[in-house]
Amino acid sequence: LFHEKDKYVIVIDPGHGGENLGTVANENFEEKEILMITANALVEELSKYENLEIHLTREEDVDISLRDRAAFAKELNADFLFSLHYNASENHTMFGTEVWIPLRSPYHSYCYKFAYLQQLEMQELGLFSRGIKTRKNDDNMDYYGIIRECVARKIPAVIIEHCYVDEERDEDYVDDIEDYKEFGRRDAIAIAKFLGVYEEDTENIPEFLY
């Protein structure tokens with residue numbers, strides 16, 4: 001699916017926005033704003049590749065419903081939606097990076113392949129990988145709305161939880177603007193590898209991902 005097209009349409013979804021602040025860990029971290037820094041760095045890195053058409057679900061500080069984000073991707077006939085986030089836990093004890101993917105096939109396998117590559121990038125930074133995860137709701141559908149809404153429109157989608165910003169083992173990874181940008185650049189590398197357009201050495205990518 002992702003290696004037979006002349007151009008791929010990619011939607012980057014910076015989560016939250018407007019009154020939906022997302023994670024607020026301290027006076028220096030408000031997730032909705034930090035996500036725009038990460039998303040813009042991701043777009044800048046991906047813009048190096050001519051065969052990618054890249055869109056953002058939001059470019060300003062506005063709250064958009066998950067349904068509207070998925071509908072936006074559908075209008076563009078997107079090949080994939082990547083929803084960006086940072087994490088926190090109630091007791092401030094959890095740490096590490098993780099990716100949430102759809103339950104249903106074939107979206108599960110498409111997204112697993114990307115998530116594997118993204119987690120390798122995060123581990124290279126030094127983060128602990130919490131894994132590639134699925135979660136179902138009471139109706140045995142995807143728990144997370146952005147994944148559920150995208151799959152309903154036949155668009156593969158993942159949620160990237162880069163790290164826990166409220167835990168000491170992760171806090172060094174979200175220390176300043178360059179850190180936020182580095183997450184975006186790493187996401188972009190994983191996307192480029194997943195789509196088969198990455199221009200540098202790919203010999204370390206397992207054969208089963210192709």
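Heads up: these notes are all about the structure in this document. Source: prediction; values computed, not measured.

Criteria and thresholds
- Residues numbered from 1 in each chain as written.
- Predicted model: local features only at pLDDT ≥ 70, side-chain atom pairs only at ≥ 80, totals over all residues.
- Heavy atoms only, no water.
- Helix = DSSP H or I, 4+ residues; strand = E, 2+ residues; numbered from the N terminus.
- Buried < 20%, exposed > 50% of the residue type's maximum accessible area, 1.4 Å probe, protein only.
- Contact = heavy atoms within 4.5 Å.
- Areas by Shrake-Rupley, 256 points an atom, 1.4 Å probe, with all protein chains shown as cover.
- Patch = residues over 30% accessible without salt bridge, like charges linked within 9 Å, V, L, I, M, F, W, Y side chains within 5 Å.
- Salt bridge = Lys/Arg side-chain N within 4 Å of Asp/Glu carboxyl O.
- Lys, Arg positive; Asp, Glu negative; His and termini not counted.
- Charge placed at Lys NZ, Arg CZ, Asp CG, Glu CD.
- Pairing = 2+ DSSP bridges.
- Axes fitted to C-alpha atoms, helices over the stretch in contact; angles between N-to-C directions.
- Phe/Tyr/Trp six-rings, centres within 6.5 Å; stacked < 30°, edge-to-face > 60°.
- Lys NZ or Arg CZ within 6 Å of the ring centre and 35° of its normal.

**Concerning the overall build of the protein chain**
So, point 1. For the protein chain, the count of helices and strands is 6 helices and 8 strands.
So, point 2. Element order for the protein chain, N to C, with α for helix and β for strand: β-β-β-α-β-α-β-β-α-β-α-β-α-α.
So, point 3. Expressed as a percentage of the 210 residues in the protein chain, the buried residues total 50%.
So, point 4. At a minimum sequence separation of 6, the contacts of the protein chain that also span at least 24 residues come to 77%.
So, point 5. Carbon and sulfur atoms make up 42% of the accessible area of the protein chain, which totals about 10,600 Å².

**Quick word on a negative patch on the surface**
So, point 1. Together, Glu168, Glu171, Asp172, Asp175 and Asp176 line one region of the surface with negative charge.
So, point 2. Residue classification places aspartate 172 among the exposed positions, given a relative accessible area of 58%.

**Focus on the pairing of strand S8 (residues 157-164)**
So, point 1. For S8, the buried fraction is high: 8 of the 8 residues fall into the buried class.
So, point 2. One ladder, built from 6 bridges, connects strand S5 (residues 80-87) with S8; its direction is parallel. Across the sheet, the residue bridging to asparagine 87 is tyrosine 164, located in S8.
So, point 3. Here strand S6 (residues 97-100) pairs with S8 via 3 bridges, running antiparallel. In the strand pairing of S8, valine 99 is matched with isoleucine 160.

**Here's the deal with the sheet that holds S6**
So, point 1. On the basis of which strands lie adjacent, the open sheet formed by 6 strands has the order S4-S1-S5-S8-S6-S7 and mixed pairing. Across the chains shown, the open sheet's two edge strands, defined by having one partner strand only, are strand S4 (52-56) and strand S7 (129-133). Sheet twist, expressed as the average angle between the axes of neighbouring strands with direction ignored, equals 15 degrees.
So, point 2. The pairing of strand S1 (residues 8-14) with S4 spans 5 bridges and is parallel. Residue pairing in the sheet places valine 9 in a bridge with glutamate 53 of S4.

**Details of the packing of aromatic side chains**
So, point 1. A full pass over the atoms with the stated rule returns 9 aromatic pairs.
So, point 2. Centre to centre, the rings of tyrosine 143 and tyrosine 144 are 4.9 Å apart; their planes meet at 90 degrees, and the pair counts as edge-to-face.
So, point 3. Owing to a relative accessible area of 24%, tyrosine 144 belongs among the partly exposed residues under this scheme.
So, point 4. The rings of Phe80, Phe82, Phe114 and Phe194 are connected pair by pair, giving a single aromatic cluster.
So, point 5. Positioned above the aromatic ring of tyrosine 143 is the side chain of arginine 135, whose terminal nitrogen or guanidinium carbon lies 3.5 Å from the ring centre.

**Overview of the pattern of salt bridges**
So, point 1. The final tally for this structure, using the stated rule, is 17 salt bridges.
So, point 2. What emerges from the salt-bridge pattern is a single network uniting Glu121, Glu124, Glu178, Lys181, Glu182, Arg185, Arg186 and Lys193.

**What to know about helix H4 (residues 145-152)**
Since the α-helix packs 3.6 residues into each turn, any two residues three or four apart lie on the same face.
So, point 1. H4 sits mainly inside the fold: 6 of its 8 residues count as buried.
So, point 2. Taken together, the buried positions of H4 are Gly145, Ile146, Ile147, Glu149, Cys150 and Val151.
So, point 3. Its buried side turned inward, H4 meets S1, helix H2 (66-75), S5, S6, helix H3 (107-125) and S8.
So, point 4. Lysine 154, located one to two residues past H4, shows a positive phi value of around 65 degrees.

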